[in-house]
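# Observations on the model geometry
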Amino acid sequence: LAKTTQPISMDSYEGQEVNITCSHNNIATNDYITWYQQFPSQGPRFIIQGYKTKVTNEVASLFIPADRKSSTLSLPRVSLSDTAVYYCLLYGGSQGNLIFGKGTKLSVKP
Amino acid sequence: DVKVTQSSRYLVKRTGEKVFLECVQDMDHENMFWYRQDPGLGLRLIYFSYDVKMKEKGDIPEGYSVSREKKERFSLILESASTNQTSMYLCASSLVRNYEQYFGPGTRLTVT
């Protein structure tokens, strides 16, 4: 069964680019990689999803190397409001393989 | 906007009680999920459902059951609550099975 590993915490300053990496050595062929953001007292919120290479949307980019054993969420020019916990998720849509990481607590300072 | 609602934000129950946690989504999603979230452990999948009256076990189903009689509603049942089930419970739904999940605000359950 696939397992994900993320840094427990990261610090950054406003305006910087932040990269959070998730390791998933045993990722299955069918698994997609999804990232979620969670603020205190709220449920997680979808940020971005990818299968391989690079995906970009209005809030983030997701980089996935060819071997898919890791993925990197990139947040450009963070602000104080990006302070949150970020989770990576592996999920192929089938039973028994929905794996959330334990989350990375990002603290953005002024 | 998709809305996922959970019946309670906070709940306090006694050991041995039967507990019902209700989740309702308003976007006609087929897929629904129940998670528990604990400090340092992240989110762990308890049960999920891909259709009415259908359920599948997740990683930690022991001590829990679920019911999905209607498409929009997915209930989590603790048959006999125990103190180790004190946790934050999150419900989610999705249109496509492995794509974006929409989460409810969570129910913080305390079992004393």
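See above for the structure.
From a predicted model like this one, the values you see are computed outputs, not experimental measurements.

### Quick notes on the overall build of chain B
Scanning chain B for helices and strands turns up zero helices and eleven strands. Going from the N terminus to the C terminus, chain B shows its helices and strands as β-β-β-β-β-β-β-β-β-β-β. Across chain B, every contact between residues at least 6 apart in sequence was considered, and the portion connecting residues at least 24 apart equals 55%. Accessible area of chain B: about 5400 Å², with a carbon and sulfur share of 49%. Distance between charge centres in chain B, computed from 16 positive and 15 negative side chains, equals 5 Å.

### Brief notes about the interface of chain A and chain B
Taken together, the contacts link 22 residues of chain A with 23 residues of chain B. Interface area, chain A with chain B, both sides summed: about 1800 Å², of which 52% is carbon and sulfur. If you look at where chain A meets chain B, you find zero salt bridges. Counting the contacts that link chain A with chain B gives five residue pairs in polar contact (both at pLDDT 80 or more). Elements that contribute at least two residues to the side of chain A that touches chain B include exactly β3 (32–38), β4 (45–50), β8 (84–91) and β9 (98–100) of chain A. Tallied by class, the residues present in the side of chain A that touches chain B amount to ten nonpolar, eleven polar and one charged.

### Section: the pairing of β3 of chain A
Residue and element names in this part refer to chain A. Buried residues dominate β3, accounting for six of its seven residues. Sheet topology note: the β3/β8 ladder contains seven bridges and is antiparallel. Within β8, the position partnered with T34 by the bridge is L89. Where β3 and β4 come together, five bridges link them in antiparallel fashion. Note on β4: the bridge partner recorded for I33 is G50. Joining the antiparallel neighbours β3 and β4 is a turn of six residues, in which S41 adopts a positive phi near 65°.

Definitions and cut-offs
Residues numbered from 1 in each chain as written. Chains lettered and ligands numbered in written order. Predicted model: local features only at pLDDT ≥ 70, side-chain atom pairs only at ≥ 80, totals over all residues. Heavy atoms only, no water. Helix = DSSP H or I, 4+ residues; strand = E, 2+ residues; numbered from the N terminus. Contact = heavy atoms within 4.5 Å. Areas by Shrake-Rupley, 256 points an atom, 1.4 Å probe, with all protein chains shown as cover. Lys, Arg positive; Asp, Glu negative; His and termini not counted. Charge placed at Lys NZ, Arg CZ, Asp CG, Glu CD. Buried area = accessible area lost by both parts, 1.4 Å probe. Salt bridge = Lys/Arg side-chain N within 4 Å of Asp/Glu carboxyl O. Polar contact = N/O pair within 3.5 Å; in protein donor to acceptor, adjacent residues only side chain to side chain. Nonpolar A, V, L, I, M, F, W, Y, C, P; charged D, E, K, R; others polar. Buried < 20%, exposed > 50% of the residue type's maximum accessible area, 1.4 Å probe, protein only. Pairing = 2+ DSSP bridges.

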